[in-house]
Amino acid sequence: MLPAEQISIHSAFPDLADIQINSFRWFLSEGLTEVLDFFPIIVDPTGKLELQFFGQEYKLKFPRYSVRKAKSRDRTYSAQIYIPSKLTRKDIELFSSKNTVNNNIISYQEINSQNKKYRKRPIFIGDLPLMTNRGTFIISGTERVIINQIIRSPGIYYKKELDKNDKHIFSASLISNRGSWLKFEIDSKAQIWVRIDKTHKVNAYIFLRAIGLSQNDIKKGLSKYSFLTNASAMYEKKELEKEIGKSCVESVTDEEALLIVYSKLRPNEPATVAIAQQMLYSRFFDPKRYDLGEVGRHKINKKLNINIPISFRVLSPQDIIVSIDYLINLKEQNIGTLDDIDHLGNRRVRSVGELLQNQMRIGLNRLERIIRERMIICDLDSLSLSNLVTALAKT
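Described below are features of the structure shown in this document. (Residues numbered from 1 in each chain as written. Predicted model: local features only at pLDDT ≥ 70, side-chain atom pairs only at ≥ 80, totals over all residues. Heavy atoms only, no water.)

Within the chain, the secondary structure is distributed over 13 helices and 15 strands. Within the chain, the proportion of its 395 residues that are buried is 43%. Within the chain, counting contacts between residues at least 6 apart in sequence, those at least 24 apart form 61% of the total. Split by element, the accessible area of the chain, about 22500 Å² in all, is 51% carbon and sulfur. (Helix = DSSP H or I, 4+ residues; strand = E, 2+ residues; numbered from the N terminus. Buried < 20%, exposed > 50% of the residue type's maximum accessible area, 1.4 Å probe, protein only. Contact = heavy atoms within 4.5 Å. Areas by Shrake-Rupley, 256 points an atom, 1.4 Å probe, with all protein chains shown as cover.)

The next thing to look at is the side chain of asparagine 301. Relative to the helices and strands, asparagine 301 is located in helix 10 (residues 293-304). By relative accessible area, which is 10% here, asparagine 301 ends up buried. Excluding residues that lie within four positions of it along the chain, asparagine 301 makes contacts with Ile306, Ile308 and Ile310.

Alternating positions in strand 15 (residues 347-350) separate cleanly, Arg348 and Arg350 being buried on one face and Arg347 and Val349 remaining unburied on the opposite face. Strand direction decides the pairing type here: strand 9 (residues 149-152) and strand 15, joined by four bridges, are antiparallel. For isoleucine 150, the partnering residue across the bridge sits in strand 15 and is valine 349. (Pairing = 2+ DSSP bridges.)

The residue leucine 385 is located in helix 13 (residues 385-388) in this model. Overall, the relative accessible area of 4% leaves leucine 385 in the buried class.

Turning our attention to the nonpolar core. One finds Leu182, Phe184, Ile206, Phe207 and Ile320 to be the most contacted residues of the largest nonpolar core, which totals 58 residues. Element by element, the count of residues in this core is highest for helix 11 (residues 317-332), at eight residues. Once residues within four sequence positions are removed from consideration, phenylalanine 207 is found in contact with Leu182, Val194, Ile196, Val202, Val261, Leu280, Phe284 and Ile320. Phe24, Ile123, Leu128 and Leu130 belong to the second-largest nonpolar core, a separate cluster that totals 38 residues. (Core = buried A, V, L, I, M, F, W, Y, C linked by side-chain atoms within 4.5 Å.)

Below, the discussion takes up the pattern of salt bridges. Pairs can form between side chains of opposite charge whenever their charged atoms are close. Enumeration according to the criterion identifies 18 salt bridges in this entry. With its nearest N and O atoms 2.8 Å apart, the salt bridge here joins arginine 297 to aspartate 319. Taken together, the residues arginine 297 in helix 10 and aspartate 319 in helix 11 connect sequence positions 22 residues apart. There is no split in this pair, since arginine 297 and aspartate 319 are both buried. Through salt bridges that share partners, Glu34, Arg178, Asp291 and Arg313 make up one connected network. (Salt bridge = Lys/Arg side-chain N within 4 Å of Asp/Glu carboxyl O.)

Here the focus is the sheet that holds strand 11 (residues 168-175). In space, the five strands of this open sheet follow the order 10-11-12-13-14, with antiparallel pairing throughout. The sheet is open, and its two edges are formed by strand 10 (155-162) and strand 14 (200-203), each paired on a single side. Here the strands of the sheet are splayed against their neighbours by 25 degrees on average, with no regard to which way each runs. When strand 13 (residues 192-196) meets strand 14, the two strands line up antiparallel, connected through four bridges. Within strand 14, the residue paired with arginine 195 across the bridge is lysine 201. Taken strand by strand, helix 10 contacts strand 10 and strand 11, and its axis lies near 60 degrees from that of strand 10. (Axes fitted to C-alpha atoms, helices over the stretch in contact; angles between N-to-C directions.)

Taking 1.5 Å as the rise per residue, helix 11 with 16 residues should run 22 Å; its terminal C-alpha atoms sit 23 Å apart, in good agreement. Burial of helix 11 is extensive: 12 of the 16 residues sit out of reach of the surface. Within the sequence span of helix 11, burial applies to Asp319, Ile320, Ile321, Val322, Ser323, Ile324, Asp325, Tyr326, Leu327, Ile328, Asn329 and Leu330. Asparagine 334 occupies a position one or two residues after helix 11 and carries a positive phi of about 55 degrees. (Expected span 1.5 Å × (residues − 1).)

How two aromatic rings sit relative to each other is set out by the distance from centre to centre and by the angle between their planes. Considering all chains together, one arrives at 10 aromatic pairs under this definition. Ring plane angle 45 degrees and centroid distance 5.6 Å describe the contact between tyrosine 82 and phenylalanine 124, whose orientation is recorded as tilted. Remark: phenylalanine 124 occurs in strand 6 (residues 121-129) and tyrosine 82 occurs in strand 4 (residues 78-89); sequence separation between them is 42 residues. Relative to tyrosine 235, the ring of tryptophan 193 has its centre 6.1 Å away and its plane inclined at 85 degrees; by these criteria the two rings are edge-to-face. Here the residue tryptophan 193 occupies a position in strand 13, and tyrosine 235 occupies one in helix 7 (residues 233-244), the gap between them amounting to 42 residues. There is no split in this pair, since tryptophan 193 and tyrosine 235 are both buried. Taken together, the aromatic side chains of Phe207, Phe284, Phe285 and Tyr290 make up a single cluster linked through ring pairs. In this arrangement the basic side chain of lysine 120 is found over the ring face of phenylalanine 54, its NZ or CZ atom lying 4.3 Å from the centre. Over the face of the ring belonging to tryptophan 193 we find lysine 201, whose NZ or CZ atom lies 4.5 Å from the ring centre. (Phe/Tyr/Trp six-rings, centres within 6.5 Å; stacked < 30°, edge-to-face > 60°. Lys NZ or Arg CZ within 6 Å of the ring centre and 35° of its normal.)

Right, here's the structure in full:
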């Protein structure tokens, strides 16, 4: 037993603001660039004007006020964001022949007018509040803090529960980081459904055909294909014949499946195959609108034992058919494991950097809509970078 004077206790109190500061640092180095890179090249409806942003080259201007001055003068401690942009004017029509001496000779000015490019220059798009070394923000002279959120981690979760008649229901929830949620469900009558955003219910076989899988692909992807066709028997009698006049799901074409899915999501709206395909793509396969995140992609790969690159952060047909196969095996053969979605292991912390990234994405979507409206309303000859891009406050 050592004497009391020889016992020394060394303990360091952790920096509680370190999580916030590191998250904001990630936002400035990676998160903001990631959002700006997804900003599309905007072209006006006539095809004469094109606007392009170079998100990788964004710059932050030095703050106008220091932290102390921002507090004393009731100002916001922020930096201005400048993004290099390039406006290109493409004239389709040539000048009239009165500007030329000979109709067969095209002047240099006319040739140059067909593709008139403006030089690339930085454009101010808004003010970004900066974090202090205490992990706080100064907004109008008041010190504020952004609270971390605990959310359900993206991924796929399998569950077994009882319905109101005490019969077992098996379901799988595919949760995304951003975008629509998918839920696969085997009800008490052994029918398989796909729920989109918890409300719209579509037959599983129809949904698989709508996302582009052929009958052979479905047969190869499912270990119990007969279970899926038998599960659709009641649907064939009650709904399928009313919808397209057929009595067997296996005879449904890709185009018919797309129209059925579209009619479920947007009833009473006229539909074409192209519109239905675009709608389904934008919900689950468009990186701009749907994102599993690296965590979601990793958890799906691990749960379903598939090998899709972490960088591929939208859904693939393989994800969907393997998820349904896992659900069928869980019910029929008790192969697989159930998940507790409320377990802290299936939760994650959404910190300040990710929250700011989402707000920046909302602001840029609004900016894109304003730019497109101005391209339609305003005279193309009078448009320039300065009056086309409107600065939006990012607070």
